[in-house]
2 protein chains.
Amino acid sequence: MGISERKKKILAAVVDEYIRTAEPVGSKHLAENAGLGCSSATIRNELAELVALGYLEQPHTSAGRIPTPMGYRMYVNELMERQKLSAEETEDLNRRLTAKLQELDDSISSVSKLASQLTNYPALALTAASPVTIERVDLIYVDANTFIIVLMLSNRTVQSKLVHLPVSVDQQMVQKLCALFNSGFTKITEDAVTPVLIHSTERAADDSMGLTSVIAAFIIETLTEAAEPSAYVSGENQLLNQPEFRDPDKAHRLMSFLSNGGYILPETAEGMVPADEVRVLIGPENVAEELKDSSVIIASYDAGDNMRGLIGVVGPTRMDYSAVAAKLSFLAAGLSRKLGGGEQPPEGMHNKLIIKGD
Amino acid sequence: MGISERKKKILAAVVDEYIRTAEPVGSKHLAENAGLGCSSATIRNELAELVALGYLEQPHTSAGRIPTPMGYRMYVNELMERQKLSAEETEDLNRRLTAKLQELDDSISSVSKLASQLTNYPALALTAASPVTIERVDLIYVDANTFIIVLMLSNRTVQSKLVHLPVSVDQQMVQKLCALFNSGFTKITEDAVTPVLIHSTERAADDSMGLTSVIAAFIIETLTEAAEPSAYVSGENQLLNQPEFRDPDKAHRLMSFLSNGGYILPETAEGMVPADEVRVLIGPENVAEELKDSSVIIASYDAGDNMRGLIGVVGPTRMDYSAVAAKLSFLAAGLSRKLGGGEQPPEGMHNKLIIKGD
DNA sequence: ATTAGCACTCGAAAGGAAAGAGTGCCAACA
DNA sequence: TGTTGGCACTCTTTCCTTTCGAGTGCTAAT
């Protein structure tokens, strides 16, 4: 069921303008600025029909039109100009991304900062829940009371911890434990680390000082933490830039929701966004009650193996979909490229901007 | 230069009430509720004098009185009831603190979260700049293309990184490098890691594959990062709870300032807050322009060695100084206890609440 | 020194009128 | 049949005025 070309043009103009100004758009203004060759009266007729069709609405009788979620949907799917980033933008972005990634480790959190700065909306970076295993355990003997646990994980990160003990241990014991843990605790997921396994290891090592349980505890903690989805939120305060959040209560509600990790964009769980695709969720399309009149733009990146993450941006339904989608898409592609293991598309290339709804 | 007892009582009552309600306090209300045995007219006279003395002011002729910064100062220094936490509060706090600290590593950031949740104000956790050195370097050989760098720092943390190389290295080389780094790079601060040192190490190891520089780069990065003061901010959105930040612009200004690390509470630099002391900075006493009409409460903790940090809470001048000071003081003491190296005061004990101005 | 009483001030809230933007609809027109 | 100018109408926004009330400062009495 299509609508006439002219209606599309008008709808696009209304959405564009409303995104820009946050003010309802009137027929006169469209006639003058939108460059379609007809008078305001004609446009009024068209607008009335667009309202009837559900794409637009009027805040009150004598106001201009604003898009409904359905209107935004149409805009995002068909109407909006797909922004390509300019050469300078691409370069700048690349530079900043690389810089951020060098602060590795917390790269995910800094990417969310970057996304927020770039878009002027709050941004989240999410890592998906994924089973993680230990690849390798090392125990570094420091002195009689101290050693370091080093865990290499299947997601190519390293976790380490300094352990200080009241009792003294000898180097042999540390080595023995290291071997035992390497044979018993690698390649298994967190739920396979059972008390039974720990006890048998403890016996095998002839460990009467509780070393085994200290190490096992760290392993469990590390696996649990790595397996859990986590969220980093940045730039919540950007919300206050948006006129729709001039009401402090409204702003506060959403900000609190976001600060708590947007827990955790329910969209994440069901129907994970495929890598290198940008998904747009408009207003009521969101599952979370708190987001019912906001929009979320999510891009997914692929960090190799089965590691995968999301970067998302949250804003009012009147969001700059086009620009944000372009930037997020680029960021996600950049992340896939830098973090991802294997095959890497050439540096300068955009991933295609697939935009889908719910 | 003292003021009469009754004036003090009245001033205290005004501040208490204003903190509670955020509304100017009138003479009638005081006469009825503040339990000083005199009539509203008498109180009016006293209030007028307190205004003349600079402790109170009137937003306009026919409104009640609100405290000036000088009034708050007097309140904080002499008047306010020094809150002790109740037994339950103490226990609850201890439990939460311990829980947070187990998520070690990012303990500082989670303490700031805790402080914010506890006080319902935005909170910062700052670590002071302090020279950090490497205690020990370990290189773990994983496979021909991969090894792990493990650095143990003088601040008792461990940093590690997985390095993946395009070229293949043998185990001997790794061992040799490890020994060289341990003898050459430990116990020195970041600025002693010179290109000259790196080059001589590279030559000594006979390293033609750039391993040395990879390791050195990580060392430099780690030292730099560890030495830099850092800030974690939590609960910015709590600001929106406060009536004085109903104006979104005002809120936004302060929130942005805080999000950028409150850069970095200039108070930190000059005249570091002594450990186990709580410092209160009221309105214009703050150096940063953005804080001129807010108050900051800062507690310092001592994490052993010369490691030291701050936890701070930011709010309107009308903030609940007493409660916040008590909580921060407790938190700081708890942190000193758990992180600090040596002598530890007994678990349940409060540190004394010293409150000072500028 | 304290208190009751009273006139006064000033902001906040409530009401009302005017202005302005934008619509819907009709009649005229190509 | 689709388009256009014109016009009456609606509804919000803005501004002004009025009212209301809280709280004061002052004065005279205790």
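Residues numbered from 1 in each chain as written. Chains lettered and ligands numbered in written order. Predicted model: local features only at pLDDT ≥ 70, side-chain atom pairs only at ≥ 80, totals over all residues. Heavy atoms only, no water.

### Describing the overall build of chain A
Here is step 1 of the chain: A tally of regular secondary structure across chain A gives 11 helices and 11 strands.
Here is step 2 of the chain: Considering chain A as a whole, with its 358 residues, one finds that 53% of them fall into the buried category.
Here is step 3 of the chain: Long-range contacts, defined as pairs at least 24 residues apart, comprise 61% of the intrachain contacts of chain A with a sequence gap of at least 6.
Here is step 4 of the chain: Accessible surface, chain A as shown: approximately 15,800 Å² in total, 50% of it carbon and sulfur. (Helix = DSSP H or I, 4+ residues; strand = E, 2+ residues; numbered from the N terminus. Buried < 20%, exposed > 50% of the residue type's maximum accessible area, 1.4 Å probe, protein only. Contact = heavy atoms within 4.5 Å. Areas by Shrake-Rupley, 256 points an atom, 1.4 Å probe, with all protein chains shown as cover.)

### Considering the sheet that holds strand E4 (residues 134-143) of chain B
All names here are of chain B.
Here is step 1 of the chain: Pairing is antiparallel across the open sheet formed by 3 strands, whose spatial order is E4-E5-E6. Both outer strands of the open sheet, E4 and strand E6 (158-164), are each paired with one neighbouring strand and no more. The average undirected angle you get between the axes of adjacent strands in this sheet is 15°.
Here is step 2 of the chain: In this structure, strand E5 (residues 146-153) lies alongside E6, joined through 7 bridges in antiparallel fashion. The residue bridging Ile149 from the neighbouring strand is Lys161, located in E6.
Here is step 3 of the chain: This element, helix H9 (residues 211-227), spans E4, E5 and E6 of the sheet and lies at about 35° to E5. (Pairing = 2+ DSSP bridges. Axes fitted to C-alpha atoms, helices over the stretch in contact; angles between N-to-C directions.)

### Here's the deal with the domain arrangement of chain A
Residue and element names in this part refer to chain A.
Here is step 1 of the chain: What the domain assignment reports for chain A is domain 1 (5-79), domain 2 (87-129 + 229-356) and domain 3 (134-227).
Here is step 2 of the chain: Taken together, the contacts link 9 residues of domain 1 with 13 residues of domain 2.
Here is step 3 of the chain: The interface formed by domain 1 and domain 2 contains 1 salt bridge.
Here is step 4 of the chain: Across the pair Glu285 and Arg73 runs a salt bridge, and its minimum N-O distance is 2.5 Å.
Here is step 5 of the chain: In this assembly, domain 1 and domain 2 are joined by 4 residue pairs in polar contact (both at pLDDT 80 or more).
Here is step 6 of the chain: Secondary-structure elements contributing two or more residues to the side of domain 1 that touches domain 2 are helix H1 (5-21) and helix H4 (69-79).
Here is step 7 of the chain: In terms of residue count, H4 provides more of the side of domain 1 that touches domain 2 than any other element does, 6 residues in total.
Here is step 8 of the chain: In terms of residue class, the side of domain 1 that touches domain 2 is built from 7 nonpolar, 1 polar and 1 charged. (Domains from an automatic or database assignment. Salt bridge = Lys/Arg side-chain N within 4 Å of Asp/Glu carboxyl O. Polar contact = N/O pair within 3.5 Å; in protein donor to acceptor, adjacent residues only side chain to side chain. Nonpolar A, V, L, I, M, F, W, Y, C, P; charged D, E, K, R; others polar.)

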